[in-house]
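Analysis of the macromolecular model
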There are 2 protein chains.
Amino acid sequence: MPQTRLDTDRIRAARRVIDPVFLDSPLYRCDALEPELGCAVSIKLETANPVRSFKGRGTELIAAGLGAGSVVCASAGNLGQALAWSGRKRGLDVTVVASRAAPAAKLDRIRALGARLELVDGDFDAARERASDIARRDGIRLVEDSLDVETCEGAATIGLEIARQAPSAEVVLIALGGGAMATGIGHVLTELAPGVEVVCVQPAGAPAMTLSYRERRVVTTESTNTIADGVAGRCPIPEVLDDLLQVADDAVLVEEDSIVAGVRMLFEHAGLVVEPSGALGVAALLENRERFADRRVVTVVCGGNVDPAAHRCWVAPRPT
Amino acid sequence: MPQTRLDTDRIRAARRVIDPVFLDSPLYRCDALEPELGCAVSIKLETANPVRSFKGRGTELIAAGLGAGSVVCASAGNLGQALAWSGRKRGLDVTVVASRAAPAAKLDRIRALGARLELVDGDFDAARERASDIARRDGIRLVEDSLDVETCEGAATIGLEIARQAPSAEVVLIALGGGAMATGIGHVLTELAPGVEVVCVQPAGAPAMTLSYRERRVVTTESTNTIADGVAGRCPIPEVLDDLLQVADDAVLVEEDSIVAGVRMLFEHAGLVVEPSGALGVAALLENRERFADRRVVTVVCGGNVDPAAHRCWVAPRPT
C-alpha cells in the first residue's frame, strides 16, 4: 500500500460530500481515435460538468469543510472556476488570484461565477505568492492546489471510478501539473489496481515536476513555455513530489506540436472540445506509439476551458 | 397515466439490459449559456458515449432481444452507428441503409463499426423503403426507428434520468424527428413528473411530425430542407403520432439560422460539439425568449456526429 498523504477510505467518503454533478463522469472506448493511435483508447471525460474540468471534485470538499467565511486561491483558471462554483453554492466569499496571461474564457467564467478576481503580472507561481499574501493579510483560508489534501482527494475519486468503469485497463495517462490529479488517481490505482501502469504526462515546455520525479528531488525551472496553461508550474511542492514518487510508474514529456495534434484529434474523431492540458494523454500516445501499441489505455480528459478563437486555430485544417 | 405503447416498468427494466456506457449521462446546469438565453438552462448530454448519440440506448435493447442473426435498419446516420455498435458486441450481422447525402462522418463510422452499409439516392424515407425491401427479401429483422417500441423505450430511459437528476425542471426540450425520443421521454415525464412541460422541437425545414401533431392526423411533406439531418423525415408513423399526442405539451418549429446559432453557442459557451439536431432545444430558446424567460429548462443534447468541416463553418466567427 502506498504511504502517501492520501487514504482510500477517506477518498471513498469524499464521494458523499462532492456534488453528484461532478461524480461518475463518462468513461468510454473511443474507437474512432484508434486507427491513428494504435492502441485501445478509452476516454475518462471530465469536461461535462458546470466548470468543465475535474477541479470541482476537490473544491467541493474544501467548500464543504469551510462551512462559511472567506477563502482565496491562486489558479491557472480551472481551480478558480471550481472554487467559485462551490463557494457560490454555499455563500462563501471567494477570491481568485490568476495570471493576467490566463485564457480570457477562464477569467470571464471566474468573474461570472461571482468570485473576486485579482490579476497579477507574471505566471501561475507569481499568483501563488500573491494569494498567500492575501491569506496572511486577511487571515483567511488559503487553498493551495495539490498541497491541500482535499484537492488530491477530490481528484482521487476519479481513480475509484476508473477502477470500476475500466477494470481491464492496462495504462492510465494523467496530465501532470501541480500533481493533485496524478497523486490522487495514482494513489487509488496503486492500491486497488496495482497492475495498472500510471503514467504522468507533462509538456516539455513546463517540465518541473517531471524533472523532479526523475531526479527524485525538487527541480524548479526559470520559466514555462507551453499552450497547456493548466499545468504550467515552475515550483513543485515537496510533499506532492514525495507522494508522486510512490504512485507514478513514469512521467513523460511531450512537445507542443503533439499537444496541438491531440486537441485536433479529440475534436475531429471524438467530437470533444478540450483544453491543451486535456490532450496531454493523446499527445503521449502520439509520441510513444511502440510503447503503447495494442494496449488498453485510459486517458483522463481533464479540462475543456478554451478560448474559442484559440481552439478554432488549433483545429484548423493543416496546410498540405 | 398516458395510454401509449410504452410502459414505465418496462422502461425501468430496460436499464438492466442497456450497456452502462449509455446510461446516466451527464445533466448539468450551464450558466455560461444563460446570459444569451435568459432562462436557467441544464444540458442532458447524450454525446459522451461510443456512438456520440442517444441511439445506443435503444439498439442495446434490440440487439439483446435478437440474440443472434441478422438485422437491417434505415438510418439518418446515428441509429446505424448505434446498431452497428450493439450488433458488433454481440456478433450480429448488421446492414444499414442510408442516404448518400448523410454526413460522411456518420457513414464512415457505420462502416468502421463493421456494419454493411448500403447507400441510396434520395432521403431518409427512401432508405426506409429500401431497408424494408431487404428485410423482406432476406427474411431478417427490420429495425424501424420510432415504430419499434425498443427504440422508444431506450430513449425513454433518458426520461427516468431527467426525473431523478433534475427534479425541479419546469420544461424539457426534446428534438423531434421520427418521435422515439419525444414519445419515450414524454411518456416517462408525463407519468413521473406531470408538472413538467414537454416541448418538442423540429426544424421548420422538416416539419412533418409537428404539422401532424398540430392537426392531430398524419401530415406528410414533399421534401425536407434542413441541416438537422438527424430529424429530417417526411412521413410520420401513425402509432408514434398517437403516442406523441398524449405525452407532448407542444411542438415548435425553428429556423435554420437559429439552429446554426445554437450549434455555435453550445461550442462557444459550453465547449460542446453538437450536430444540428442536438442544438434544436437551444434554437427554440432563442426563438421564444419570452415564453421561457426565467424558467428552469432542460435541453437534451441528443447527438454530436458532425463532419468537422461543417462544424468549423457553423462556429466560424460571424461577419461584423
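Residues numbered from 1 in each chain as written. Chains lettered and ligands numbered in written order. Predicted model: local features only at pLDDT ≥ 70, side-chain atom pairs only at ≥ 80, totals over all residues. Heavy atoms only, no water.

Taking an unreviewed UniProt entry as the reference, chain A is identified by name as Threonine dehydratase belonging to Pseudonocardia sulfidoxydans NBRC 16205. According to its UniProt record, chain A has this under Cofactor (unreviewed entry): "pyridoxal 5'-phosphate". (UniProt positions renumbered as here; feature names shortened; annotations may be inferred.)

Remarks on the relation of the copies chain A and chain B
Superposition of chain A onto chain B requires a rotation of 180° combined with a translation of 0.0 Å along the rotation axis, giving an RMSD of 0.0 Å. Expressed as a symmetry operation, the mapping of one chain copy onto the other fits a two-fold axis. (Least-squares fit on C-alpha atoms with pLDDT ≥ 70 in both.)

Thoughts on empty space enclosed by the protein
Any space left empty among the atoms is revealed by the rolling of a water-sized probe across them. Residue and element names in this part refer to chain B. Summed over the entire model, instances satisfying the criterion amount to 5 cavities of 30 Å³ or more. Considered as a void within the structure, the largest cavity measures approximately 540 Å³ in volume. As for the largest cavity, its lining consists of 41 residues, and the residues nearest its centre are Lys 55, Asp 145, Gly 177, Gly 178 and Gly 230. It is helix α6 (residues 124–138) that provides the largest number of residues to the lining of the largest cavity, a total of 5 residues. Within the lining of the largest cavity, the residues separate by chemical class into 19 nonpolar, 13 polar and 9 charged. Taken domain by domain, the lining of the largest cavity gets at least three of its residues from each of domain 1 (8–49 + 149–315) and domain 2 (56–143). (1 Å grid on protein atoms, 1.4 Å probe; cavity = no way out; pocket = protein on both sides within 12 Å on 5 of 7 lines; lining within 4 Å. Points joined across faces, edges and corners; volume = space filled by probe spheres on them. Helix = DSSP H or I, 4+ residues; strand = E, 2+ residues; numbered from the N terminus. Nonpolar A, V, L, I, M, F, W, Y, C, P; charged D, E, K, R; others polar. Domains from an automatic or database assignment.)

Some remarks on the interface of chain A and chain B
Listed as interface residues are 29 residues of chain A and, on the opposing side, 29 residues of chain B. Linking chain A to chain B there are 4 salt bridges. Between Asp 31 of chain A and Arg 88 of chain B there is a salt bridge; the shortest N-O distance is 3.2 Å. One can count 8 residue pairs in polar contact (both at pLDDT 80 or more) joining chain A with chain B. Among the residues forming the side of chain A that touches chain B, the class breakdown is 18 nonpolar, 4 polar and 7 charged. (Contact = heavy atoms within 4.5 Å. Salt bridge = Lys/Arg side-chain N within 4 Å of Asp/Glu carboxyl O. Polar contact = N/O pair within 3.5 Å; in protein donor to acceptor, adjacent residues only side chain to side chain.)

Regarding the environment of Leu 117 of chain A
Residue and element names in this part refer to chain A. Inspection of the secondary structure puts Leu 117 in strand β5 (residues 116–120). For Leu 117, a relative accessible area of 18% translates into the label buried. The sequence separation of Leu 117 and Gly 281 amounts to 164 residues, and the corresponding C-alpha distance is 31 Å. In contact with Leu 117, not counting residues within four places along its chain, are Val 96, Ala 98, Leu 107, Ile 110 and Arg 111. (Buried < 20%, exposed > 50% of the residue type's maximum accessible area, 1.4 Å probe, protein only.)

Topic: the domain arrangement of chain A
Residue and element names in this part refer to chain A. When cut into domains, chain A gives domain 1 (8–50 + 149–315) and domain 2 (56–143). Each of domain 1 and domain 2 was reduced to a C-alpha centroid, and the two centroids are 22 Å apart. Taken together, the contact pairs 31 residues of domain 1 with 24 residues of domain 2. Summing both sides of the interface, domain 1 and domain 2 together bury roughly 2000 Å²; the carbon and sulfur share of this comes to 53%. When the area that domain 1 buries against domain 2 is broken down by residue, the three leading residues are Phe 22, Glu 150 and Asn 305, summing to 27%. If you look at where domain 1 meets domain 2, you find 8 salt bridges. Taking the shortest distance from any N to any O, the salt bridge between Arg 141 and Glu 150 comes out at 3.3 Å. Linking domain 1 to domain 2 there are 17 residue pairs in polar contact (both at pLDDT 80 or more). Among the elements that take part in the side of domain 1 that touches domain 2, helix α7 (residues 149–165) stands out by supplying 8 residues, more than any other. (Buried area = accessible area lost by both parts, 1.4 Å probe.)

Let's talk about the environment of Gly 80 of chain B
All names here are of chain B. Residue placement: Gly 80 occurs in helix α4 (residues 78–90). Under the relative-accessibility criterion, Gly 80 is labelled buried at 0%. Separated by 25 residues in sequence, Gly 80 and Lys 55 have C-alpha atoms that sit 8.8 Å apart.

Some points on the UniProt feature "domain: Tryptophan synthase beta chain-like PALP" (unreviewed entry) in chain A
The UniProt feature table records "domain: Tryptophan synthase beta chain-like PALP" (unreviewed entry) at residues 23–303 of chain A. The span residues 23–303 of chain A is 45% helix and 19% strand, and its two end C-alpha atoms sit 15 Å from each other.

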